[in-house]
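Breakdown of the fold
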Protein chains: 2
Amino acid sequence: MSERLTIAVDAMGGDHAPDMVIRGLALARERYPHVRYILFGDEARVGPLLERMPQAAEVSEFRHTPDAISNDAKPSIALRSGRQSSMRLAINAVADGEAGGVISAGNTGAYMATAKFALKTLSTIDRPAIVATTPSRRGDVVMLDLGANIECDAENLVQFAVMGEVFARIVLGIQKPTVGILNVGAEDLKGVDTVRLAASMLRQSALAATFHGFVEGNDITAGRVDVVVTDGFTGNVAIKTIEGAGQFMSGLLRDMFGSSWRSRLGYLLARPAVEYLRQSLDPRRYNGAMLVGLNGVAVKSHGGTDEIGFAHALGVAIDMVGNDINKKIREEFENFDFKGEKPPPAVAL
Amino acid sequence: MSERLTIAVDAMGGDHAPDMVIRGLALARERYPHVRYILFGDEARVGPLLERMPQAAEVSEFRHTPDAISNDAKPSIALRSGRQSSMRLAINAVADGEAGGVISAGNTGAYMATAKFALKTLSTIDRPAIVATTPSRRGDVVMLDLGANIECDAENLVQFAVMGEVFARIVLGIQKPTVGILNVGAEDLKGVDTVRLAASMLRQSALAATFHGFVEGNDITAGRVDVVVTDGFTGNVAIKTIEGAGQFMSGLLRDMFGSSWRSRLGYLLARPAVEYLRQSLDPRRYNGAMLVGLNGVAVKSHGGTDEIGFAHALGVAIDMVGNDINKKIREEFENFDFKGEKPPPAVAL
């Protein structure tokens, strides 16, 4: 690409917006000096911040938007009455071809509904999904759906598997990513019909060779597979459970080193290693989930993140646009061989 | 109680059975000298172990059983053809009043199906659930269902809430335990109809005052509530995800302290605190899930555990029998005020 890569930014989304958004842009500029941003937000609040942070202002084009979507807005209401919101206009910039991708730390449901409406789903895909990476014993693991589809059928899961596999290949650079479906046991007869039917379909598909079968909750951070496929309810609970467990253990670690003078001295000696551990587990490093399956790159940042986390999510958006991920997913689906018919339904327990 | 407390033990269940079972009994004897066991298993394998471990033999009455349920047996098959199995006969000992409770580290599905058949569900409860505790920032948290009911309706969830609340009160000694339903967001409009209807029912029930509403995955280890209620699919994934995250972090901790001579020295200094941390996170300490809602105490140990974990699970069974947990759950249900009618179904998103 000879053109500069452009990202549309919802400056009003997130608990600490717009401040953390503008700070995040300033941080991202150091890592991605070639990227420019179109910033959508309230002039009265964003204007002064840009004046104070010329590093962000210099790479941004600012556009005033009268509205913002609140965190508790219903998706349907946000879609109907949010036409002049920062979120909607940022998404429109991708639909109109002005930007290669969009990022928001705002209301997830509203963002998904609006992105689906404005960008449209890829023609070969029934439902978009939310995908992100999470740390494991064997490197980063791709996980989807993280909350876009609270209820899923077997075909949705199969499509998530294909999208996740492409994501792992293109974004993480894994040559032949293995794929597992999250279930309550590894044996074939375990679980609800949906996951068993999806497994049976994948075993007859072009992914058969790299499809591992079922994985369990503990297999996620064990890195048993490169791609973990699940419905949006279970995926959302699982990813937040991992985050929570990480926070819990970091807290214990802190308590541990503060518990006596010997421990504090031990901490001082082990500090480089402890800091490395803390950084490896820092949830901000894993911030930035992508809405896959749309005609355009849309990245969701955690609502509660700070500028460091937002800058990481910007990095994800830039990666996705730079790698032309959506084009690759579309091509993959066009060539994907589901081997004709669906298998008969799995037998209930 | 003047009688000695008796636990029926399936000696053949678990990856390292019967060895770890007999060793576990020997360990448990030190902590619970007043308890006796009826041991069911294969004489050829259990006999020599008992000879070698008189500490276990002295508190046990051994009964030979010709069969054992395999880990991959379907529950329906185990129920039909396992009438002479160690698992079935151990459960029967509770049904017949010979033992106050039963424990097995064997096939979970078979155990649940057999226990339901032989012990029967409490008359006021539709479906039994699997309940266990997990560590959190604010002490132990009760979580259910962990896998007995892969699909649940709102009334099942409400009943799990009541059973979990009694469990937290009686077993953990929390005076007014708070209860939350696991969901993809804390807001009322989030999630599938089932969880929203269950929340609406709980708000009109006798638990209204201590019902917190929805909690998310990260709230489990944050200890946001004392009791986390969910369906068996999500609960199973969540509890195993927490276990996996714990193993992952313990591994990182080990790597961290081994990464340089400074870190190793730091470890030596901080060792008491590190060991305390490791013990707090040791999954064996949290081994022993209970099948609640049955006419009899049935405890499930992790299949992969060792004797230390099995001894902990024995402790859970002894606690449940000693506290007469089932009688208390039954009484609670008899007096529980659901305030008459069910509310109208929740509005879909």
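Residues numbered from 1 in each chain as written. Chains lettered and ligands numbered in written order. Predicted model: local features only at pLDDT ≥ 70, side-chain atom pairs only at ≥ 80, totals over all residues. Heavy atoms only, no water.

Quick word on the overall build of chain A
This is how the line gets drawn: We count a stretch as a helix when DSSP gives it H or I for four or more residues in a row; a strand needs E for two or more, and each element gets its number in order from the N terminus. Atoms considered for the radius of gyration are the C-alpha atoms alone. The globule rule reads 2.2 Å times the number of residues to the power 0.38. Only protein chains enter the accessibility calculation, which uses a 1.4 Å probe; a residue is then buried when its area is under 20% of its type maximum, exposed when over 50%, and partly exposed in between. Throughout, a residue-residue contact means that at least one pair of heavy atoms, one from each residue, lies within 4.5 Å.
When you go through chain A residue by residue, the secondary structure sums to 13 helices and eleven strands. Against the 2.2 N^0.38 benchmark of 20 Å for 349 residues, chain A shows a C-alpha radius of gyration of 21 Å, consistent with a compact globule. Taken across its 349 residues, chain A has 56% of its residues classed as buried. In chain A, the proportion of contacts linking residues at least 24 apart, taken out of those at least 6 apart, comes to 71%.

Section: the nonpolar core
Nonpolar side chains in soluble globular proteins generally cluster together in the buried interior. Inclusion rule: Side-chain atoms within 4.5 Å link the members of a nonpolar core, which is a set of buried Ala, Val, Leu, Ile, Met, Phe, Trp, Tyr and Cys residues.
In this structure, B:Ile7, B:Val9 and B:Tyr37 are the most contacted members of the largest nonpolar core, which totals 111 residues. In terms of residue count, helix α7 (residues 154–170) of chain B provides more of this core than any other element does, ten residues in total. Sequence-distant contacts of B:Val9, defined by excluding residues within four places in its chain, comprise B:Val21, B:Leu25, B:Tyr37, B:Ile38, B:Leu39, B:Phe40, B:Ala90, B:Ile103, B:Phe310 and B:Leu314. In terms of nonpolar packing, the next biggest core, distinct from the first, is built from 110 residues, A:Leu39, A:Val158, A:Ala198 and A:Leu207 among them.

Here we look at the sheet that holds strand β3 (residues 60–64) of chain B
Residues and elements named next belong to chain B. To keep things clear, this is the line we draw: Two strands are said to pair when DSSP picks up at least two bridges between them. Every axis in this analysis is a line fitted to C-alpha atoms, fitted for helices over the stretch in contact. Angles between the N-to-C directions lie between 0 and 180 degrees.
Strand order across the open sheet formed by eleven strands is β3-β2-β1-β4-β11-β10-β5-β6-β9-β7-β8, with mixed pairing between neighbours. Every other strand in the sheet has two partners, leaving β3 and β8 (211–215) as the edge strands with one partner each. Averaged over all adjacent pairs, the angle separating strand axes in this sheet is 25 degrees, with direction ignored. As judged from the four bridges shared by strand β5 (residues 129–134) and strand β6 (residues 141–144), these two strands associate in the antiparallel manner. By the bridge assignment, threonine 134 is partnered in β6 with valine 141. Set on the sheet, helix α8 (residues 193–203) makes contact with β7 (179–182) and β8; between it and β8 the angle comes to about 170 degrees.

Details of the packing of aromatic side chains
Rules: Aromatic rings from Phe, Tyr and Trp, with only the six-membered ring used for Trp, were paired whenever their centres fell within 6.5 Å, and each pair was classed as stacked if the ring planes differed by under 30 degrees, edge-to-face if by over 60, and tilted otherwise. In our convention, an over-ring charge means Lys NZ or Arg CZ found within 6 Å of a ring centre and within 35 degrees of that ring's normal.
Taken as a whole, this structure holds zero aromatic pairs over all chains when the rule is applied. Directly above the ring of A:Phe117 sits A:Lys120, whose terminal nitrogen or CZ lies 4.9 Å from the centroid.

Side note on the interface of chain A and chain B
Stated precisely, the cut-off is as follows: As a working definition, buried area equals the accessible area (1.4 Å probe) given up by two parts on being put together, with both sides summed. When a carboxyl oxygen of Asp or Glu is within 4 Å of a side-chain nitrogen of Lys or Arg, the pair counts as a salt bridge. Note on residue classes: Ala, Val, Leu, Ile, Met, Phe, Trp, Tyr, Cys and Pro are nonpolar, Asp, Glu, Lys and Arg are charged, and everything else, Gly too, is polar.
Across the contact, 54 residues belong to chain A and 54 residues belong to chain B. Summing the contributions of chain A and of chain B, the shared interface buries around 4900 Å²; its carbon and sulfur component is 75%. On the surface where chain A and chain B come into contact, there are four salt bridges. Here B:Asp255 and A:Arg137 are joined by a salt bridge, their closest N and O atoms 3.3 Å apart. The element best represented in the side of chain A that touches chain B is helix α10 (residues 232–257) of chain A, accounting for 21 residues. Considering only residue class, the side of chain A that touches chain B consists of 29 nonpolar, 16 polar and nine charged.

Comments concerning the relation of the copies chain A and chain B
Here is the rule we go by: For this overlay, a least-squares fit was computed on C-alpha atoms, restricted to residues scoring pLDDT of at least 70 in both copies.
Once chain A has been moved 0.0 Å along the axis and rotated by 180 degrees, it coincides with chain B to within an RMSD of 0.0 Å. In symmetry terms, the pair is related by a two-fold rotation axis. When C-alpha positions in chain A are compared against the rotation axis, the closest is assigned to A:Gly266, at 1.8 Å. Both copies share a contact surface, since 98% of the interface residues of chain A are interface residues in chain B too.

What about the pairing of strand β10 (residues 289–292) of chain B?
Residue and element names in this part refer to chain B. Residue alternation in β10 divides its side chains into two sets, Ala289 and Leu291 and Met290 and Val292, and both sets are buried. Summarising the sheet, β10 and strand β11 (residues 297–300) pair through two bridges and their orientation is antiparallel. In the sheet register, methionine 290 faces β11, and the bridge partner there is valine 299. Joining the antiparallel neighbours β10 and β11 is a turn of four residues, in which glycine 293 adopts a positive phi near 105 degrees.

Some thoughts on the environment of A:Arg284
Relative to the helices and strands, A:Arg284 is located in the loop between α11 (261–281) and β10 (289–292). Spatially, the C-alpha atoms of A:Arg284 and A:Ile130 are 17 Å apart, while their sequence positions differ by 154 residues.

A word on the sheet that holds β10(A)
Residues and elements named next belong to chain A. Read from one edge of the open sheet, eleven strands run β3-β2-β1-β4-β11-β10-β5-β6-β9-β7-β8, paired in mixed fashion. Each edge of the sheet is formed by a strand with only one pairing partner; in this case those strands are β3 (60–64) and β8 (211–215). Between one strand axis and the next, the sheet turns through 25 degrees on average, direction left out of account. Strands in contact with helix α1 (residues 19–31) are β1 (6–10), β2 (36–41) and β3; relative to β2, the strand with the most contacts, it is inclined by about 180 degrees. Along the sheet, helix α8 (residues 193–203) makes contact with β7 (179–182) and β8, crossing β8 at roughly 170 degrees.

Observations regarding the pattern of salt bridges
Residues and elements named next belong to chain A. One pass over the structure, following the stated rule, counts 26 salt bridges over all chains. Note that arginine 63 and glutamate 61 form a salt bridge whose closest N and O atoms lie 2.9 Å from each other. Given a relative accessible area of 23%, arginine 63 falls into the partly exposed group.

Observations concerning helix α12 (residues 307–322) of chain A
Residue and element names in this part refer to chain A. Note the cut-off: Expected helix span is computed as 1.5 Å times (number of residues minus one). Whenever a nitrogen or oxygen atom comes within 3.5 Å of another N or O atom, the pair is scored as a polar contact, on the condition that within protein one atom can donate a hydrogen and the other can accept it, and that pairs from neighbouring residues in sequence are kept only if both atoms are in side chains.
The end-to-end C-alpha separation of α12 is 22 Å, in line with the 22 Å expected for 16 residues at 1.5 Å each. Among all positions of α12, only Gly309, Phe310, Ala311, Ala313, Leu314, Gly315, Val316, Ala317, Ile318, Met320 and Val321 are buried. For α12, the N-terminal capping position is held by aspartate 306, with its side-chain oxygen 3.1 Å away from the main-chain nitrogen of isoleucine 308. Looking one or two residues beyond α12, the residue adopting positive phi is aspartate 324, at roughly 55 degrees.

Interpretation in functional terms is not warranted from these geometric data alone.
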